[in-house]
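Below, each chain spelled out in residue letters.
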Amino acid sequence: MRISMVSEHASPLAALGSVDAGGQNVHVAALSVALARRGHTVRVYTRRDDPDLPAVVPVCPGLDVMHVDAGPARSLPKDALLPYMGELAAGIASDWGTAPPDVVHAHFWMSGVAALDASRRADTMGYPVPVLQTFHALGTVKKRHQGRDDTSPPERTWLEPSVGRSADRIIATCSDEVFELKAMGIPGNRISVAPCGVDLELFGSQGPAEPRGRTHRIAAVGRLVPRKGVDLAVQALALLAEEGIDDVELLIVGGASDSAGLESDPEARRLLALARALGVADRVLLRGQAPREAMPAVLRSADAVVCAPWYEPFGIVPLEAMACGVPVVASAVGGLIDTVVHGKTGLHVPPRDPEALAGALAELLQNPGYARRLGAAGRQRARARYSWDRVAADTEKAYQMTVGGSAAARRTHLQPLGGKAL
Ligand code: UDP
């Protein structure tokens, strides 16, 4: 198939760990590579955020990335990008010309707005292109947890469900998301499930582990944003010390790429202030962004990886830890409910519960044999279920289901995105 991916803010070529660059970038990059390896031709469209970027960057046989002019050619927060989706759609439709792809797969709701617009433009020329949508995160869930701190544009409230109803098929990444999508009014028969995956060539249990400075190490990896709950890991470190387990360091990876950036990062400052207040600052290591290639050695250096978000659309870090044979302590939310099996590959704790987190960590640190068994089972689970090739095969099935439908049938369930101008 000829496949167009749209990922408006999350370029597969971007460095990871900053506020807007994480799992979606990994997902789009790895899924596209896996689809190309399966013989498809894939072009990823993303917004040009730097004037010096070439128009098209070849990645591997069958895959390239196209930078489309849409808004100012500089980095902007993703929540500021909605006004430029029309330009992105125009750029995509113009690149398609009279040879549009078999499917267009949009990532994140704003890319869905652009993909549906591009598809409509192609449709008027007699070339219908089915639209598949992966949301990665849902505004309803974000608003529920972040309330007034949610910086999404207000239009997301009505546009996101509208994208859901208008796309030919939604690809959810976990069972919790299916539940949320149905609550948004999307019929179950238009939802497929394909999880995120893990790069099993990069992440494995064999290979070096970086040295640690204490008997025990806990690691927390991800974008430094409050909802990732890294503060809970700092609190758990202090609670462990109260139980006499104090030769433990907490390594936090993610955030700015250099120390000057970290010093001015509000979340990094908040975490350090908390660590100082709890008397554990000397055992909290704030590393900043780590390149992908360094991540396996980082994960392997830990006795346990903590993923304690308030909510999590999917969560690739737990899969990476599992693939490295490291047990995961995860809040029982979103995708982590599917990936981590309590008592088998890691431990689940309720979200926002530092005591429960400390209790689970104590269980692992005091029982290394148990921790090793969970790690080994996690590795097996990651290898058996979450290779990107398997995810690509599931995604391919969803594509085939839409290509099979006639254009007329598709148009009967396509709904206008609403009368409001963007
Ligand atoms: N990551 C990275 N370097 C960092 C921080 C994160 O390479 O400094 C990667 C991490 O290994 C994972 C991704 O970014 O592959 C984060 O994905 P996840 O789904 O866990 O979180 P999201 O960013 O989507 O909320």
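A few points on the structure. Owing to the predicted nature of the structure, the values given are computational and were not obtained by experimental measurement.

## Here's the deal with the overall build of the protein
Piece 1. Along the protein, the regular secondary structure elements total 16 helices and 14 strands.
Piece 2. Principal-axis analysis of the C-alpha atoms places the extent of the protein at approximately 70 × 40 × 40 Å.
Piece 3. Looking at the 422 residues of the protein, the share that counts as buried comes to 56%.
Piece 4. Within the protein, contacts between residues at least 6 apart in sequence are counted, and of these 72% link residues at least 24 apart.

## Comments concerning the site of the ligand
Piece 1. Around the ligand, a shell composed of 18 residues is seen, among which Gly23, Arg223, Lys228, Ala290 and Glu320 lie nearest.
Piece 2. Here Val317 contributes a backbone N or O atom positioned 3.1 Å from an oxygen atom of the ligand.
Piece 3. Note that an oxygen atom of the ligand is positioned 2.6 Å from one of the side-chain N or O atoms of Glu320.
Piece 4. Surface burial for the ligand is 94%, taken as the share of its 540 Å² of free accessible area covered by protein chains.
Piece 5. Listing elements by their share of the shell around the ligand, those giving two or more residues are α1 (23–37) and α11 (316–323).
Piece 6. No other element matches α11, which puts three residues into the shell around the ligand.
Piece 7. Looking at the shell around the ligand residue by residue, the class counts come to seven nonpolar, six polar and five charged.

## Side note on the nonpolar core
Piece 1. Of all hydrophobic cores here, the largest spans 53 residues; its most connected members are Met5, Leu35, Met295, Leu299, Val305, Trp388 and Tyr399.
Piece 2. Looking at this core element by element, the count peaks at seven residues for α1.
Piece 3. Each residue touching Trp388, except ones within four places of it in the same chain, is listed here: Val26, His27, Ala30, Leu31, Ala34, Cys196, Gly197, Val198 and Asp199.
Piece 4. Counting residues in hydrophobic clusters, the runner-up holds 42 residues, among them Val6, Leu76, Leu81 and Phe108.

Cut-offs and rules
Residues numbered from 1 in each chain as written. Predicted model: local features only at pLDDT ≥ 70, side-chain atom pairs only at ≥ 80, totals over all residues. Heavy atoms only, no water. Helix = DSSP H or I, 4+ residues; strand = E, 2+ residues; numbered from the N terminus. Buried < 20%, exposed > 50% of the residue type's maximum accessible area, 1.4 Å probe, protein only. Contact = heavy atoms within 4.5 Å. Near = heavy atom within 4 Å. Polar contact = N/O pair within 3.5 Å; in protein donor to acceptor, adjacent residues only side chain to side chain. Areas by Shrake-Rupley, 256 points an atom, 1.4 Å probe, with all protein chains shown as cover. Nonpolar A, V, L, I, M, F, W, Y, C, P; charged D, E, K, R; others polar. Core = buried A, V, L, I, M, F, W, Y, C linked by side-chain atoms within 4.5 Å.

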